[in-house]
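Chain residues, written in single-letter form:
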Number of protein chains: 4
Amino acid sequence: MMTSTTPRPTTTMPDTGIYDRRESVVRSYARSMPRQFTKAQDVWMHDNQGGRYLDFLSGCSTLNYGHNHPVLKQALMDYIATDGIAHGLDLHTDAKAEFLGALESIILEPRGLDYRVMFTGPTGTNAVEAAIKLARKVTGREMVIAFTNGFHGMTLGSLACTGNAAKRGGAGVPLSHVAHLPYDGYHGADVDTAELLAQRLEDPSSGLDAPAAILVETVQGEGGLNVASAAWLRRIAAIAKEHGALLIVDDIQAGCGRTGGFFSFEGLGFTPDIVTMAKSLSGMGLPFALTLFRPEFDQWSPGEHNGTFRGNNHAFVTATAALRHFWADDAFTRDIARRAEIVAQRLETIAARHGLSTKGRGMMRGIDMGSGDLAAMVIASCFDRGLIIETSGGHDEIIKVLAPLVIDDAVLSAGLDILERSIDEIAHANFDIAAE
Amino acid sequence: MMTSTTPRPTTTMPDTGIYDRRESVVRSYARSMPRQFTKAQDVWMHDNQGGRYLDFLSGCSTLNYGHNHPVLKQALMDYIATDGIAHGLDLHTDAKAEFLGALESIILEPRGLDYRVMFTGPTGTNAVEAAIKLARKVTGREMVIAFTNGFHGMTLGSLACTGNAAKRGGAGVPLSHVAHLPYDGYHGADVDTAELLAQRLEDPSSGLDAPAAILVETVQGEGGLNVASAAWLRRIAAIAKEHGALLIVDDIQAGCGRTGGFFSFEGLGFTPDIVTMAKSLSGMGLPFALTLFRPEFDQWSPGEHNGTFRGNNHAFVTATAALRHFWADDAFTRDIARRAEIVAQRLETIAARHGLSTKGRGMMRGIDMGSGDLAAMVIASCFDRGLIIETSGGHDEIIKVLAPLVIDDAVLSAGLDILERSIDEIAHANFDIAAE
Amino acid sequence: MMTSTTPRPTTTMPDTGIYDRRESVVRSYARSMPRQFTKAQDVWMHDNQGGRYLDFLSGCSTLNYGHNHPVLKQALMDYIATDGIAHGLDLHTDAKAEFLGALESIILEPRGLDYRVMFTGPTGTNAVEAAIKLARKVTGREMVIAFTNGFHGMTLGSLACTGNAAKRGGAGVPLSHVAHLPYDGYHGADVDTAELLAQRLEDPSSGLDAPAAILVETVQGEGGLNVASAAWLRRIAAIAKEHGALLIVDDIQAGCGRTGGFFSFEGLGFTPDIVTMAKSLSGMGLPFALTLFRPEFDQWSPGEHNGTFRGNNHAFVTATAALRHFWADDAFTRDIARRAEIVAQRLETIAARHGLSTKGRGMMRGIDMGSGDLAAMVIASCFDRGLIIETSGGHDEIIKVLAPLVIDDAVLSAGLDILERSIDEIAHANFDIAAE
Amino acid sequence: MMTSTTPRPTTTMPDTGIYDRRESVVRSYARSMPRQFTKAQDVWMHDNQGGRYLDFLSGCSTLNYGHNHPVLKQALMDYIATDGIAHGLDLHTDAKAEFLGALESIILEPRGLDYRVMFTGPTGTNAVEAAIKLARKVTGREMVIAFTNGFHGMTLGSLACTGNAAKRGGAGVPLSHVAHLPYDGYHGADVDTAELLAQRLEDPSSGLDAPAAILVETVQGEGGLNVASAAWLRRIAAIAKEHGALLIVDDIQAGCGRTGGFFSFEGLGFTPDIVTMAKSLSGMGLPFALTLFRPEFDQWSPGEHNGTFRGNNHAFVTATAALRHFWADDAFTRDIARRAEIVAQRLETIAARHGLSTKGRGMMRGIDMGSGDLAAMVIASCFDRGLIIETSGGHDEIIKVLAPLVIDDAVLSAGLDILERSIDEIAHANFDIAAE
């Protein structure tokens, strides 16, 4: 049925009085997508004027299984209907036991991973704060190494690890105890930035203090879909080990299937000491985050890092359902791989036509428009056509395709058609002519 | 019916293998209440062995309306059933508009308050981080004044404002840009600590830098149910204004009816510049937090402080239902006042019998056992009798009664009966004899 | 001979072209004493227009033995004439051995003090930086407790301990790892600030981290001649010991006889763990500073804190001569006591006449003018009469008499006469009338 | 006369009882040169057993004009004999006026430099603290960029800029508000580290905050005689200007003729915004330091950065004499160039023989022994032959020739003969054989 792949965007702005009066000007996405949304199902979002939009943003990779996936939704409704615990601090609950059991049997054991699970406050930044606290506690050191263009959250400890100047500027205080080093490829193909780091750490006069942790994303989502090679990551892991630092992989955006496997580092030949998860972990967009670490580093005192919502039981329920539905066998992984290949080929074709380059890995790919202005024009054009899509990168210059991983291949193609048309138009009007 | 007011505790420990294997040792409440809970309704929590427990902890004031309140539960189930948006970043949604409208008409306008609403990451610490960021940005200053025994969260910015040494020690780095000053009554009845603060700020050589903000709880929940007087708070507000600092009231634990009104500062004769809310805001225990501020301080750049889960739409739905159900008229406030009086009188009687003192305000009251060891014995005894109750204070020496605000008067009395019996026993065995 | 006690001020300004062109506007004393000085002897400074000035500033207590004391001067000239080592890094030299021997036999042993000597860079701030570094190293803690109105230097570590807002503001970065607590008497006679500190340290939720050191001046010179009582200091010493912190007495301004004994804490009933010395240590105004500490805290690695000028051998020579000349018996101490009594009585009389109060101890006394403007008028009037004198205090409101300790009693009286006349005039013109 | 070029080392250890009892174990040079020195003249140091040593350390470049140069010595003795002001805080004195005039006419004007002079506390670290304070004040920014292997002092602000881990570790607190970037050549000849810095600053998500200053040595003395090229320094100057940062050249060790000109940056094609000077500035080893800056950056408030010894008038006298004697014409510069050429050729020959490499510029040169252990053996061997010489570098692996600039060519050769013999011996015994 053709209609099922076609967006139906609304052309008029809804009334925004209540937001103008009451919501802080800090809001951001609502500015580039000025609609009021009412409901959402699978890959579609519906507004209050009858419009519908194809979602290639997926809540910044929070909705990898799409909106309101029926299996997850049913599990949650059943749980609520029977008065399942909604909030239980960190008390033991059936929902928590189920989740831990599913994580153990479906994810950890098959991958040969032995991690302890810490339920932090249910936001990514909280998981990162817990991770760096733990690394500092375990090592007795204070300095954390993070990377250029890394993004790790907005609370003070995570923000110090984040590279983005506008976000950092919001702190209002200097951000300390973190050193940023160049990410893989940052200084061009000829400079091996892992070796730059190694040299600094081996030199007792380099000004780089002995690190508690090295904090890295395998693919930098907000930073512009920069991909670290397996060799570079293995070298970073070896450097961390050699210098007594814990290796933390922030898998908040790249994990949960976005790059193919449940963890983004699967098959790359190294095992992090600590892993942070959030975003798509609950599967249905409910707030949920956790920090995983090797048992020997589980050196917390009881309650040393806590938080009111650290046991979001609704999220346990949907997360468990997601693990069982999607990760019990390798069908989903194969689906992702196939769709990733579709995205890769289509983006490559589009980019090549205009002399642009592509970036990313798995279902986390994009096109470098070379300028934030051009990229903004593209996403505005897409939105007018009913496609929700966003940018990332230091200059917001990367068009970022974060389609739901469950998307039907035909719908995926339809969305990419819209993107192609928009890029073609913007390119034609702005730089193809100049190049002719 | 007698049974309805009587707990039925389980006496055997459930299997904890999965937790031992997989959950971090950082867990805390699960240690003093070693049961696995399955469901909860109203003031009762049920375990997987058929036991039921009366909840005088209320998720540390997160469940002021009890567990799974039928009105909130129905609203949420209806929302999910119709594929309402679960996760929408900060996009405009029906659920958000409904919440903002309800907050405006039911809470803000009747109280003559003009606040802008910032949806921060859905944890209290995130709301505090946003609040102090904003104060620093608006004032161009870096130092925040917080108070002895204050508790504001676990991420690095909030943790610097928190007084508790064990929590602070978890940071692994020194906590900076915050000065702690003595709270109301901290140095005894004869020392007006507001005047100590004023003297420090008026003295250019006091070593106290000009503050961006003064961050205060009207009642210190975690700090030991310390209550600031209205006069002291007004003086603090005046000092903040005089010295160009923003006054932030952290109402995360004391707000949402816990001390009587929706805000804990109602009727005290001052208006904060910024207010942080979380815990009972969603009404059903779902993660939700926000930061309110006067419109003139809404100086954020778009996205300057963001977060993946900053629009928890399920929480919008339950929060809106809670506002409409409980706060549209003053019936609930009168109920709280009556129950608070019951708690106050009963605690006073119990305390007086053993030469102990009571603390707190509204439905946030307790008894100072004088030692953490004694308090721990009391709560263990209560738990054995089916009453869930916890401690707070610098030495965990305060027995903290945080019963749901909706609790039936008879059930409240039954719970207080259990508390009384436990205190009597512990007191008799430990110190009453010595005093005779 | 009458002339020997009478200043002879110059009335015309010298040419200041070279300063206007080349010296930074950071200069300060040169503004309130706009003369060009050529030579100085004993208590007199001479300008290049033939004027002479009585020096009641003594280089802020750096010239306790007056200018170019003949014994010290001769020792230095003999040393230079025979090519004595001027600069030797931290190599062993005859001059250093002589100094250490004299310090041991004349100062330490008679007082029963067992200190190790660290030659830091030859400025007071460097001695303070070394002291707090050592305390942090020894204790493994980071936070230092300093006091309101304390002054400890301008480099970043010392400046963090300094209370003065204008000086702190110069840092350009937030000053961290130090908490300022109220000094003795800060909150009035009824508040025992030592007990406030004790309460904070005994309370694990006070927000005051476990301190590496408590850094205190027995008399706050720059802070306004505030005097700590012996009882308060003993209590602070006991608190430091109880809480595992080192007690550092900053004796840079109050030591070397200024308050009577060689150390300002002699006879007060406690012994600091670390002492910092500078200012009058060389006796002739040459740069010299040292940090003394109990042998068990001498835990430095070789060169861990160093500095090019840490062995100013010229200063060793004059310091040794000063120790031998002034401190070998108690004659000097008795002289100081007598002169201090003269100053005390005269200031008391002057102050009483105008309803003012006096402050200070030993030869470190002053009058509180109640306002910086009035105090500035007094010192300007004194300067016009040939008396060099300055102010201190948070508002520069304290007239500070820091006459050389060697001053002839008659000259001292003559100087106090000038001060009296100036205060009488200013008081009469400004506030005596109002009070009548 | 042969004797004039030949050292006469002592073979027995002097009594060290007083040091063992009273001097802190922090002492360092006294360990590798265990003699007690009594006097020094020109390039010779004499011990208390009649030995004499040729000084190739020169107080770490503090005695560029040798010990007790007769012209400087006479000027100082004349000044003291006539009761010249020894200590005058920052009052105007004849000695200061003379110094400023000489600096203006002999140094600044001929070089076309327009700098204001700030007399900081008389140590290098104090000059650096003042420099970075001023840059932070002028720019309103907090972060300072320093370089790998940079050395800038021991007080907290300067230490944060210093690269050496052992020195940094002494702080006892984390060192903040400074980012270390790779110095010229740090990552090998193929990586242009100025471009790495430029890329970081141009990227708004690099994690490198906008800098207040870039702080650089043209030759890194303590860091291992690393030399920055003129092109690299010009690029750094351009980067600083482009990004609104002040360029600070720390010329404390490389200035005062050590690299040829009065300033080490002369003739390199750029002009720093701020320059720090100390070490050889007084010419006779007396403590003296200053911070120079462009007049438009002279934005201090009076006394905002001060210090008791900021006007060391004895040092003004000797510094003025040194400027007049050595820098009034270009004879001295030519002498330095000739001697530098001698050193360069001799070191090159020695190094080549053993497959070693040379480092440095002007009279600041050395040989990289490849290991700190070997270098320690060489300097011990030299000392046994009467030659005082030291190492530098991150591993103390660089033999550092810092002969006085005034050294007679024949004596210079004699000293280099000793060095040659020692290196030959050590090399032969340790690695030449292995290479054969």
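The name given to chain A in an unreviewed UniProt entry is Diaminobutyrate--2-oxoglutarate transaminase, with the source organism recorded as Croceibacterium xixiisoli. As stated in UniProt under Pathway (unreviewed entry), the record for chain A gives "Amine and polyamine biosynthesis; ectoine biosynthesis; L-ectoine from L-aspartate 4-semialdehyde: step 1/3." Entered under Cofactor (unreviewed entry) in the UniProt record, the comment concerning chain A runs "pyridoxal 5'-phosphate".

Colleague: Give a description of the relation of the copies chain C and chain D that names residues and reports values.
Modeller: Here the second copy of the chain follows from the first by a rotation about an axis and a shift along it. For these two chains of identical sequence, chain C goes onto chain D by a turn of 180° and a shift of 0.0 Å along the axis, with RMSD 0.0 Å. When the rotation and shift are considered jointly, the pair of chain copies conforms to a two-fold rotation axis. Taking C-alpha positions as the reference, the residue of chain C nearest the rotation axis is L156 of chain C, at 2.6 Å. The share of interface residues of chain C whose copies in chain D are also at the interface is 100%, consistent with both copies meeting through the same surface.

Colleague: Pulling in residues and values, what's your account of helix α5 (residues 94-108) of chain B?
Modeller: Residue and element names in this part refer to chain B. The terminal C-alpha atoms of α5, which comprises 15 residues, lie 20 Å apart, in line with the 21 Å expected from a rise of 1.5 Å per residue. The element α5 is largely enclosed, with a buried count of eleven among its 15 residues. Among all positions in α5, only A95, K96, A97, F99, L100, A102, L103, E104, I106, I107 and L108 are buried.

Colleague: Can you lay out the sheet that holds strand β6 (residues 143-147) of chain B for me, pointing to particular residues and giving the numbers?
Modeller: Residue and element names in this part refer to chain B. Reading across from one edge, β5-β13-β12-β11-β8-β6-β7 is the order of the seven strands in this open sheet, with mixed pairing throughout. This sheet does not close on itself; its edge strands, each paired only once, are β5 (116-119) and β7 (178-181). Each neighbouring strand pair of the sheet contributes to a mean axis angle of 20°, computed without reference to strand direction. Examined bridge by bridge, β5 and strand β13 (residues 290-293) share four bridges and lie antiparallel to one another. By the bridge assignment for β13, M118 is matched with T291. Most of the contacts of helix α9 (residues 193-202) go to β6, to which it runs at about 165°, and overall it touches β6, β7 and β8 (211-216). Of the strands in this sheet, β6, β8 and β11 (246-250) touch helix α10 (residues 230-242), which is tilted by about 165° from β8.

Colleague: I'd like a description of the packing of aromatic side chains, backed by residues and values.
Modeller: Note on aromatic pairs: each is described by the distance of the centres and the angle between the planes. Considering all chains together, one arrives at 76 aromatic pairs over all chains under this definition. Ring centres of F265 of chain B and F270 of chain B lie 6.1 Å apart, and the angle between their planes is 45°; this geometry places the pair in the tilted category. Just as F265 of chain B is buried, F270 of chain B falls in that class too. Among the aromatic side chains, those forming a connected cluster through ring pairs are Y65, F262, F263, F265, F270, F326, W327 and F332 of chain A. Above the plane of the ring of W44 of chain C lies R52 of chain C, whose end atom (NZ or CZ) is 3.7 Å from the centre.

Colleague: So what's going on with the packing of α5 of chain B against helix α11 (residues 313-327) of chain B? Which residues, and what values?
Modeller: Residues and elements named next belong to chain B. Remark: α5 packs on α11, axes separated minimally by 8 Å, with the N-to-C direction vectors making an angle of 30°. As far as their axial angle goes, α11 and α5 are roughly parallel. Relative to α11, the crossing made by α5 is left-handed. For the pair α5 and α11, the contacting residues are A95, K96, E98, F99, A102, L103, I106 and I107 in the first and N313, F316, V317, A319, T320, L323, R324 and W327 in the second. Residue composition of the contact of α5 with α11, by class: eleven nonpolar, two polar and three charged.

Colleague: Tell me about the state of the cysteines, and please be specific about residues and values.
Modeller: Residue and element names in this part refer to chain C. Following the criterion strictly, the structure yields zero disulfides over all chains and no others. Not engaged in a disulfide, the cysteine C60 finds its nearest cysteine sulfur in C256; these two sulfurs lie 14 Å apart. With no disulfide of its own, C382 lies 16 Å from the sulfur of C60, the closest cysteine sulfur.

Colleague: Pulling in residues and values, what's your account of the pairing of strand β18 (residues 398-401) of chain C?
Modeller: All names here are of chain C. Burial along β18 is two-sided: the face carrying I398 and K400 and the face carrying I399 and V401 are both buried. Looking at chain direction, strand β15 (residues 364-368) and β18 are connected through four bridges and run antiparallel. Paired with R365 across the two strands is V401, which belongs to β18. Relative to β18, strand β17 (residues 390-392) runs antiparallel, the two being bridged by three bridges. Bridge pairing links T391 to I399 in β18. In this structure, the hairpin formed by β17 and β18 is closed by a connection of five residues, where G393 is found at a positive phi of approximately 100°.

Colleague: Describe the sheet that holds strand β6 (residues 143-147) of chain D, naming the residues involved and giving the relevant values.
Modeller: Residues and elements named next belong to chain D. Pairing within the open sheet is mixed, and its seven strands lie in the order β5-β13-β12-β11-β8-β6-β7. For this open sheet the edge positions go to β5 (116-119) and β7 (178-181), each flanked by a neighbour on one side alone. For this sheet, the mean inter-axis angle between neighbouring strands, taken without regard to orientation, is 20°. Contacts between helix α10 (residues 230-242) and the sheet are confined to β6, β8 (211-216) and β11 (246-250), with β8 contributing the most and set at about 165° to the helix.

Colleague: Help me get a handle on the pattern of salt bridges, residues and values and all.
Modeller: Under the counting rule described, the total for this entry stands at 96 salt bridges over all chains. In this structure, the salt-bridge partner of K137 of chain B is E304 of chain B, at a minimum N-O distance of 3.0 Å. Here K137 of chain B, found in helix α6 (residues 124-139), pairs with E304 of chain B, found in the loop between β13 and α11; they are 167 residues apart in sequence, far enough to count as distant. Notably, a salt bridge pairs D114 of chain C with R22 of chain D, separated by 3.0 Å at the nearest N-O pair. With one member in each of two chains, D114 of chain C in the loop between α5 (94-108) and β5 (116-119) and R22 of chain D in helix α1 (residues 17-22) form a pair that bridges those chains. Salt bridges here are not isolated pairs; linked through shared partners, they connect R346, R353, D417, E420 and D424 of chain A.

Colleague: Describe the domain arrangement of chain A, naming the residues involved and giving the relevant values.
Modeller: Residue and element names in this part refer to chain A. Domain annotation for chain A reports domain 1 (45-69 + 331-406 + 420-429) and domain 2 (71-326). If you average the C-alpha positions of domain 1 and of domain 2, the two centres end up 25 Å apart. Of the residues lining the interface, 33 residues belong to domain 1; the matching set on domain 2 comes to 31 residues. When domain 1 packs against domain 2, the two sides together hide about 2,600 Å² of surface, and 53% of this comes from carbon and sulfur. Three residues stand out in domain 1 for area buried against domain 2, namely H69, R361 and M364, and they jointly supply 31% of the buried area on that side. We note a salt bridge from K400 to E222, for which the minimum N-O separation is 3.3 Å. Joining domain 1 to domain 2, the criterion identifies 21 residue pairs in polar contact (both at pLDDT 80 or more).

Colleague: Which residues make up the environment of E304 of chain C, and what are the values?
Modeller: Accessibility expressed as a relative area gives 8% for E304 of chain C, which makes it buried. Distance from E304 of chain C to K133 of chain C, taken between C-alpha atoms, is 9.9 Å for residues 171 residues apart in sequence. When sequence neighbours within four positions are dropped, the list of residues in contact with E304 of chain C reads K133, K137 and Q299 of chain C together with V26, M154, A166, K167, G169 and G170 of chain D. A distance of 3.1 Å separates a polar atom in the side chain of E304 of chain C from a polar atom in the side chain of K137 of chain C.

Colleague: Can you tell me about the interface of chain C and chain D, naming the residues and giving the values?
Modeller: The interface is formed by 108 residues belonging to chain C together with 109 residues belonging to chain D. Regarding the contact of chain C and chain D, the summed buried area is about 9,500 Å², with carbon and sulfur atoms giving 59% of it. Of all residues in chain C, R22, H92 and F309 of chain C bury the most surface against chain D, accounting for 10% of the area lost on that side. Where chain C meets chain D, there are ten salt bridges. Between D83 of chain C and K73 of chain D there is a salt bridge, with the nearest N and O atoms lying 2.8 Å from each other. Summed over the shared surface of chain C and chain D, the result is 56 residue pairs in polar contact (both at pLDDT 80 or more). For the side of chain C that touches chain D, the leading source of residues is α5 of chain C, giving seven residues.

Reading guide: rules and limits
Residues numbered from 1 in each chain as written. Chains lettered and ligands numbered in written order. Predicted model: local features only at pLDDT ≥ 70, side-chain atom pairs only at ≥ 80, totals over all residues. Heavy atoms only, no water. UniProt positions renumbered as here; feature names shortened; annotations may be inferred. Least-squares fit on C-alpha atoms with pLDDT ≥ 70 in both. Contact = heavy atoms within 4.5 Å. Helix = DSSP H or I, 4+ residues; strand = E, 2+ residues; numbered from the N terminus. Expected span 1.5 Å × (residues − 1). Buried < 20%, exposed > 50% of the residue type's maximum accessible area, 1.4 Å probe, protein only. Pairing = 2+ DSSP bridges. Axes fitted to C-alpha atoms, helices over the stretch in contact; angles between N-to-C directions. Phe/Tyr/Trp six-rings, centres within 6.5 Å; stacked < 30°, edge-to-face > 60°. Lys NZ or Arg CZ within 6 Å of the ring centre and 35° of its normal. Parallel < 35°, antiparallel > 145°, perpendicular 65-115°, else oblique. Left-handed = near helix turned anticlockwise from the far one by under 90°. Nonpolar A, V, L, I, M, F, W, Y, C, P; charged D, E, K, R; others polar. Disulfide = S-S within 2.5 Å. Salt bridge = Lys/Arg side-chain N within 4 Å of Asp/Glu carboxyl O. Domains from an automatic or database assignment. Buried area = accessible area lost by both parts, 1.4 Å probe. Polar contact = N/O pair within 3.5 Å; in protein donor to acceptor, adjacent residues only side chain to side chain.

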